[in-house]
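# Survey of secondary and tertiary structure
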Amino acid sequence: MRFTDHDTGSTMRSWSTPTVRAIHAAALSLWVVGCYHGAGNANDDDLPEDSDGDNADPSNDETGDQEDEVEVAPFPAGLRRLTRLQVENAYRHVLMHDDLILGDRLPLDPSTDEDFKFDTELAAFAPFGASDIIKFDNVALSVVAEVFDMPSDTLLSCAPVDAQDQCAQDYLQGMLRRAFRRPPTEQELDEYTALAQQTQDNLGDARQGLEFATATAMQSPWMLYQPELGDGQRAQGEATQDDADFRPLSDHALASRLSLFLWNAPPDEELSALADAGELQDPDVLAAQAQRLLADPRGRDTMKGFFTQWFGYGSIETLPKNSAVFPDFSPTLASAMRAELDHAVLDIIDGAPYDSLFTSTQTWTTPALAAFYGIELPGGAGTDTQVLERWEAESGGQGCNTDGVPPQFHNLCSDSSQLRRTFTIDEAAASHAITVRAYATQGGNEVTRLRVTVDDEAAEVEIMATASDPATYTVPFTLAPGDHEVVLELANDYFEPPDNRDVMVDWFEVVSRNADPNAVVKTELPAERQGLLSRAGILSVYAKPIDTSPTTRGLFVRQRLLCEIIPDPPPGVATELPPSSDDIKTNRQRVEIHMTEQACAACHQYIDPLGLALEHFDGIGVYRETHDGAPLDVTGDLDGVQFDGAIEMGERLAEDPRVLSCAVRQLSRFALGQHESDKQEPLLQELAGVLQQTRSWPTVIEALVLSDLFRTVADHRED
Amino acid sequence: MSNKHILSRRTMLRSLTTGIGATVALPIFESMLDDHGVAFAEDGAPRPVRYGVFFWGNGVRPDRWTPNRVGDQWWNDPNEELAPIAENAMIRDRVSILSGFRLLDNSGSAHHKTRAQILTGAYQPSPSGNCCGQVAGASSDWLVRQAWAGQSQLRDAVDVGISQTNKGASNFNVNSGTVFNGNGDAQPLEMSPRAVYDSLFGNGLPEDVPLADITAFKDSRLSMVDLVREDAARLRTKLGAADKQRLDDHLEQILQVEHGIENLDAASACMLPAMVPSSADAYRQSVMLEQDGQPATIIGELLIEKNKVMAELIALALACDLTRVFTFQHHGMQTDTMFWNLPSVSLGSHQSTHDDRNNSPDPQARDFEAVHEIATFVMSQFGVLLQALADTADGTEDLLDNTAIYATSEYGDASTHSLENMAIMVAGGAGGALRTGMHYEGNGRNAVEVPLTLMRAVGLNLDGFGQGVSRATASFDPMLM
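Residues numbered from 1 in each chain as written. Chains lettered and ligands numbered in written order. Predicted model: local features only at pLDDT ≥ 70, side-chain atom pairs only at ≥ 80, totals over all residues.

## Details of the confidence of the model for chain A
When pLDDT drops low, the exact placement of atoms in the prediction is not to be read closely. All names here are of chain A. Mean pLDDT over chain A works out to 83, with 83% of the residues at or above the 70 mark. Every residue in residues 1–33 scores below 50 in pLDDT, and together they form 64 contacts with partners more than four places removed in sequence or on other chains. Contacts from residues 494–498, a stretch scored under 50 in pLDDT, to residues over four places away or in other chains number one contact. (pLDDT = per-residue confidence, 0-100. Contact = placed C-beta atoms within 7 Å.)

This is how it looks when you write it as structure tokens:
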């Protein structure tokens, strides 16, 4: 197979793909033991269909000489269906009305039974159902009428008298160009004019005619699908080749592919004009447009959307979490978790090295998330905090053992030693908090919790600090003006038998906070956290409503970060785990049941250890030293590379070439709406090389856009 | 039943308890009633038979669902989970329970495989080795809608869903469901009552078009459809074979838009005030829960309210002959719908079937009580749909008499992914073709026989249903009159 390299002119060269073959060799050797977890190619038809695998194992011909060249091709030409979001943006564009919100008035994206696909992949080649097509007809008619009835003249700045007049013709020309993402042909303009005329004749109103023409264009296949047919010409000066497998997209198809990728929207005026002028095939021009689109807020939003889908945190606010087990989890906290993840991915758009996704020690936190992480925001940043009342806790504590307790600390050990104060709020504030400086004595393996009650509302906070390093804990409340009472007491009186664990309080205060509680501050993560795998959002999403889930966390790493395929559990097995008991406390002990059954172990040996490494974080990402008092073993190995805990696993992943290769595949799937096959693998490996070299996500986006994967298509797809 | 109005006056889309939606008076259709208040009776023609599928995810607890009494009057000794139907004298004698039927293809038991078998009679593994493969067959409702294409006034079928919750955090399943077209594609379900209303009654007829102009209005509306076809024809010449086929399928669906425009007057007869039910977003609300004294806020789905509105829209669509086929998915297979309306259920639906500790401090209390409670609730919601049909007169009978409904889930017992004891119910009389109100024991018979029997009962002439080992060719005769 031959291929033209843009950098070196028309040089033909063979493709040797050791990387690809190595991946397959590794994957298939695991297939033999019963769990195929290779890199995921939907069209990977050379995979063995059964487990004997002996004639399919490429390790057999690892030293052979017949496979030094593989077929390389871009994705096939095809008719790509827009996603719901892309149609919504296209409707805004055609009606020149950026504020339109159509939501589920538009057909939803199709569904999948697979655990994870991007919306662009789901939509690309799915059919529209009858109800979808009826919906387009309905929504187009009604939304056009709504916009035409608005007083603004942005859309139609003149008063048409007749479908043939200049006003109507200018409108139809511009409208069709926006709707079809290319200039209309004369025949199309004539036919849409005829429809407008007929409607005007029928209903007696030239504007009504334009409405009907617009509503028709909005349900035309040229609007709802993007043809990517490979009927374009390469730019002058670029190497020309007649290889049927690398057919350039037309200028307008290329413009649409670019803006749908980076904006989920049709090309804007600047990009369309470049397509009209035939300049977009110039790699420099194309690269500059990619940079422009990516830098635009719409580009950043789209990238955020990409990572949100990839990492699966799109529905974090509605995660089912049991409130008795996880009382801290709330939509507000979940939004803060989402904001942290959003900022973490935007950081690499803004130039942070790609691998810092897995190793960054930064967080972008709201006050709520900071409190959750136990971070003191620098200088009260983001909180605009005002201290309303402050109390130094008197030393001692009735009935408590105060041996060794520093003199200024008050010991909370029993009901009789609780701290109780009244105070008055004079002015309303956005929110309030009780801030407590405290530490806990370490008398056992259980956690020590402080209960803070204001009036009837109670909240508990886990006291991790020790005598050598007391910490400040902030418990948010929202308090109306008036008189209130605050009570501090030990909360862990329900642990049996009572260990000698007490909370020592230095001082506490009531603060009001008037700044936006959603304001995000960039600061350092606490020492036990680093990178994606220890961010609360990811830990919450990949967990159960009442517990962690080593298996789903392991699958997140295997499927989403390493792009591996893990098969279903075998039939007829009960998949519930044994309950915890005196003997079985940790999840490692519980999931070991998976390992005792051969049918389960074949796969779970690859999945669970990666999730078990995150067991220091509970089902909503709270750090814990132990689980029900039992120590946690968070060591594991990533296909032979040892690590200990979440931070080290993140560091190993950051170094793993499979992670880079997977990231590039995910980007390509999202950008092009197609799942790669072996033919695209060499092109993707090149991009992975770019990512490995530059560690720069914007650079890889640009390299993708300039690649033949993006700019060309192969022959038409077959069913 | 002859005194019934076509839709009883209490069939109102109520302003729901949470304040969403607006009161919508449903049509009374005076023009369609004869002197006795019986709809469509002027020509004495029999009312058409309708077909429906009701689906819910994650099964039941077969040991607490299967009636204790076999044969007729099962409701005299029902099991706990069927109590909501057994207690409703208006519908129970038109519901049959089928226990002990099984799936024959044991090559896989994951949710998507059993769902494919129970709905389409086959699961075909993906050639790619990828997770979920293709659903090779068409679902029963798809075969029926194809056989009856163009016969109703407006739509060949209406497909709705209630819960929009996914499995975990994935985009898995958001809209997946019950309808498979035989090409591996699941058809979309409509989750928004507003959108269902719009697509049935929003015929685009502006309020200010005088009736005299309706012909002219139709003329232009039909020209719109023609122009979309012209656009498609021009695009088609540029495409490869696969995309040509897809575009052709698109054009075939446009026939339904055209059909609706041609019958715009008929649908108008069913349209009353411009008040419409709310969109899907309105059926979510922030819910304060309290469990063990701990407050928590979740975003809860208003399942009960949405189920009721959808049930009434379906009844209306059937009554007005806007469609003759419907599918109704309460919550999708393997989804983690949270039933926050059930105070003692703390896990999502799917999670409950695998890890039902249900908050008990007793580690041995893993009794799948939550699965039981959810199943009981879903039966009550199925009952709401049946009640809406029973409340609606249809000729001299009511809609339920003239409908055949296949109700099932992807399992009986989801906790073990069992292929045995599938949860199956059949409701409605299919215009007199079905013997109703029975508890039939399958004793290991092929579950796929049930939808085959129903399709035959509503008049389809089929050699069999499904493919491979799951294929059924024999009807389950005891169900037939």
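Following the structure, the description resumes.
## With respect to the sheet that holds strand 19 (residues 712–716) of chain A
All names here are of chain A. Taking strand neighbours across the sheet as the criterion, the four strands line up as 2-1-19-3 in an open arrangement whose pairing is mixed. The strands lining the two open edges of the sheet, one partner per strand, are strand 2 (225–228) and strand 3 (247–248). By the bridge criterion, two bridges tie strand 1 (residues 76–81) to strand 19 in an arrangement that is parallel. Bridge pairing links Pro76 to Ala714 in strand 19. (Pairing = 2+ DSSP bridges. Helix = DSSP H or I, 4+ residues; strand = E, 2+ residues; numbered from the N terminus.)

## Digging into the packing of helix 7 (residues 206–217) of chain A against helix 6 (residues 214–236) of chain B
Where helix 7 of chain A meets helix 6 of chain B, the axes come as close as 9 Å, and the angle between the chain directions of the two elements is 35°. Judged by the twist between their axes, the crossing of helix 7 of chain A over helix 6 of chain B is right-handed. Contacts from Phe212(A), Ala215(A) and Thr216(A) of helix 7 of chain A reach helix 6 of chain B at Ser220(B), Met224(B), Leu227(B) and Val228(B). Split by residue class, the contact of helix 7 of chain A with helix 6 of chain B holds five nonpolar, two polar and no charged. (Axes fitted to C-alpha atoms, helices over the stretch in contact; angles between N-to-C directions. Left-handed = near helix turned anticlockwise from the far one by under 90°. Nonpolar A, V, L, I, M, F, W, Y, C, P; charged D, E, K, R; others polar.)

## A few points about the nonpolar core
Membership of the largest hydrophobic core comes to 279 residues, with the highest contact counts inside it found for Leu704(A), Ile314(B) and Val426(B). When residues in this core are grouped by element, the largest group, 13 residues, is from helix 11 (residues 369–390) of chain B. In this view, Leu704(A) contacts Leu667(A), Ser668(A), Ala671(A), Leu687(A), Leu709(A) and Phe710(A); residues no more than four positions away in its chain are not counted. In terms of nonpolar packing, the next biggest core, distinct from the first, is built from 28 residues, Leu412(A), Ile434(A), Leu490(A) and Ala491(A) among them. (Core = buried A, V, L, I, M, F, W, Y, C linked by C-beta atoms within 7 Å. Buried ≥ 20, exposed ≤ 12 C-beta atoms within 10 Å, placed from the backbone.)

## As for the sheet that holds strand 10 (residues 457–462) of chain A
To summarise the sheet geometry, strands pair through backbone hydrogen bonds and adopt either a parallel or an antiparallel arrangement. All names here are of chain A. Strand order in this open sheet of four strands is 7-12-9-10, and the pairing throughout is antiparallel. On the outer flanks of this sheet lie strand 7 (419–425) and strand 10, each paired with one strand and no other. On average, each strand axis in the sheet is tilted by 20° relative to the strand beside it, whichever way the strands run. Sheet topology note: the strand 9 (residues 449–454)/strand 10 ladder contains six bridges and is antiparallel.

## With respect to the pairing of strand 12 (residues 482–490) of chain A
A regular strand places its side chains on the two faces of the sheet in alternate fashion. Residue and element names in this part refer to chain A. Examined bridge by bridge, strand 7 and strand 12 share seven bridges and lie antiparallel to one another. Residue pairing in the sheet places Arg420 in a bridge with Val487 of strand 12. Pairing between strand 9 and strand 12: five bridges, direction antiparallel. Among the inter-strand pairings, Thr453 is bridged to a residue of strand 12, identified as Val487.

## Considering the confidence of the model for chain B
Residues and elements named next belong to chain B. A residue-level look at chain B finds 75% of positions with pLDDT of 70 or above and a mean pLDDT of 80. With pLDDT under 50 throughout, residues 127–131 is counted as low confidence; its partners more than four residues away or in other chains account for 15 contacts. The model gives residues 169–175 a pLDDT under 50, and that stretch makes 33 contacts with residues more than four places away or in other chains. Across the interface, the model reports ipTM at 0.75; the global pTM reads 0.76.

## Quick notes on the packing of helix 6 of chain B against helix 7 (residues 241–262) of chain B
Residue and element names in this part refer to chain B. Orientation of helix 6 relative to helix 7, taken along the N-to-C sense of each, is 175°, at an axis distance of 10 Å. As far as their axial angle goes, helix 7 and helix 6 are roughly antiparallel. Contact with helix 6, carried on its side by Lys218, Arg221, Leu222, Val225, Val228, Arg229, Ala232, Leu235 and Arg236, involves Lys244, Leu247, His250, Leu251, Ile254, Val257, Glu258 and Ile261 of helix 7 and no other residues of that element. Considered class by class, the residues forming the contact of helix 6 with helix 7 number ten nonpolar, one polar and six charged. (Parallel < 35°, antiparallel > 145°, perpendicular 65-115°, else oblique.)

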